[in-house]
Amino acid sequence: TDPFSTEVKPRILLMGLRRSGKSSIQKVVFHKMSPNETLFLESTNKICREDVSNSSFVNFQIWDFPGQIDFFDPTFDYEMIFRGTGALIFVIDSQDDYMEALARLHLTVTSAYKVNPDINFEVFIHKVDGLSDDHKIETQRDIHQRANDDLVDAGLEKIHLSFYLTSIYDHSIFEAFSKVVQKLIPQLPTLENLLNIFISNSGIEKVFLFDVVSKIYIATDSSPVDMQTYELCCDMIDVVIDISCIYGLEGAGTPYDKESLAIIKLNNTTVLYLKEVTKFLALVCFVREESFERKGLIDYNFHCFRKAIQEVFEVRVKVLRSRKHQSQT
Ligand code: GDP
């Protein structure tokens, strides 16, 4: 059985007004579109665009909010969808007047909360590439204040909103998505622990566990994340997949499989080491050249790590299945 069946995949809803940037986010994060190409994305009239991509660890859906959709429409079964959702991301265009978006955010969050109080509410203050640094901070403060004031006025201050400044023109959108996904992984503390053990026994500086398709990182060791290191790892994944697509495909092969592995030596005595962990996930390690001389040790520890992580997810699937079984009988 596949331990990464849909049962363990985090489910995410992406919502927001039309033109706020939802399709662009989907294309850039999950389909490797370059940010400039999103300028030519056609506006769709579909309310709901499901991403049925089986290639990612993450499972998600996009909803548009043009004026005519309302939560009181009985033909629109939003209840069922909210019940199965782990995180609701609401995208606000920071370059536009955001008053209407804030009103929609409030309606969405309060409706979703009534159905499922366990949803994580994540607000992406988006397109911040167009704002100066001062303006970014001011916009975030203003949106934060207004959104929370609305909740207090409605007597719903117990609802927690998280805010992120995002843009598809840099890595901020991947970083924000990573944080949103990490909150939905119940095994995260175990994964972090395994990564800590792995690097301290192997002389590795830093390690990320990546969803290869989206370049979202699912977990990392507990040393602080430096943006530059993260960006380098993202670039490495791009290089590996691109080379593999151009030169590696034979017949019906995929650009990422069990054999996937890559080593890149940088000119500052650092080595980047990528290895396949599961169908969707890869480990990217930052290693000093002198530690990389003991590659056999790293590979042995990696082997143990991979076995452990597969067990962690298998246990989760078993727990979910037995719960489902109990509720059916
Ligand atoms: P949707 O209707 O919410 O799916 O919005 P789209 O994805 O169609 O985006 C609307 C427009 O916003 C497009 O022209 C995108 O190029 C632009 N856009 C999306 N994200 C960003 C961003 O981070 N920065 C900037 N400057 N423009 C963006």
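Starting from 1, residues in each chain are numbered consecutively following that chain's sequence as written. A pLDDT threshold of at least 70 governs which residues receive local features in this predicted model, and a stricter bar of 80 or more applies before side-chain atom pairs are shown or counted, although totals over entire chains, interfaces and linings include all residues. Remark: hydrogens and water are excluded; side-chain values derive from all non-hydrogen atoms of the structure.

For the rest of this paragraph, the subject is the sheet that holds strand β7 (residues 204-211). By definition, the strands of a sheet pair up through backbone hydrogen bonds, in either a parallel or an antiparallel sense. Strands are treated as partners if at least two bridges between them are detected by DSSP. Starting at the N terminus, helices and strands are each numbered in turn, a helix being any DSSP run of H or I of at least four residues and a strand any DSSP run of E of at least two. Read across the open sheet, the five strands follow the order β8-β7-β11-β10-β9; overall the sheet is antiparallel. Because the sheet does not close on itself, it has two edges, and the strands there are β8 (216-220) and β9 (261-265). Taking the axes of each pair of neighbouring strands and ignoring which way they run, one obtains an average angle of 20 degrees across the sheet. A contact between two residues is defined here by any heavy atoms of the two lying within 4.5 Å. Throughout, an axis means a line fitted to C-alpha atoms (over the contacting stretch in the case of helices), and angles, computed between N-to-C directions, take values from 0 to 180 degrees. Together, β7, β8 and β11 (281-288) form the strand contacts of helix α6 (residues 188-202), whose direction differs from that of β7 by roughly 145 degrees.

On to the pattern of salt bridges, then. Working definition: two side chains of opposite charge can pair if their charged atoms are close together. Salt bridge, as used here: a side-chain nitrogen of Lys or Arg that lies within 4 Å of a carboxyl oxygen of Asp or Glu. One pass over the full model with this rule turns up 11 salt bridges. Of the charged contacts in the structure, one is a salt bridge between K127 and D93, with a shortest N-O distance of 3.0 Å. Placement of the pair is K127 in the loop between β5 (120-126) and α4 (133-153) and D93 in strand β4 (residues 87-93), with a sequence separation of 34 residues. As a salt-bridge pair, E276 and R306 come within 2.6 Å of each other at their nearest N and O atoms. In this pair, E276 sits in strand β10 (residues 270-276) while R306 sits in helix α9 (residues 295-328), placing the two residues 30 residues apart along the sequence. In this scheme, a residue with accessible area under 20% of its type's maximum is buried, one over 50% is exposed, and one in between is partly exposed, where area comes from a 1.4 Å probe on protein chains only. Relative accessible area serves as the criterion here: at 26%, R306 is assigned to the partly exposed category.

Let us now look at the state of the cysteines. Disulfides are defined in this document as cysteine sulfur pairs within 2.5 Å. Under the criterion given, the structure shown has zero disulfides. Here C233 stays free of any disulfide, with the sulfur of C234 as its closest cysteine sulfur at 7.1 Å. By relative accessible area, C233 is classed as buried at 0%. Here C304 is not cross-linked by a disulfide; its sulfur's nearest cysteine counterpart is in C285, at 14 Å.

Quick look at a nonpolar patch on the surface now. Judged by side-chain polarity, V239, I243, I246 and Y247 come together as a nonpolar surface patch covering roughly 460 Å² of accessible area. On the secondary structure map, I246 appears in helix α7 (residues 227-248). Of the residues examined, I246 reaches a relative accessible area of 61% and is grouped as exposed. The patches described consist of residues with a relative accessible area above 30% and no salt bridge, like charges being joined within 9 Å and nonpolar side chains (Val, Leu, Ile, Met, Phe, Trp, Tyr) within 5 Å. Accessible surface area values rest on a Shrake-Rupley calculation with a 1.4 Å probe, where residue burial reflects the displayed protein chains alone.

The quantities given are spatial measurements derived from coordinates; they are silent on function.
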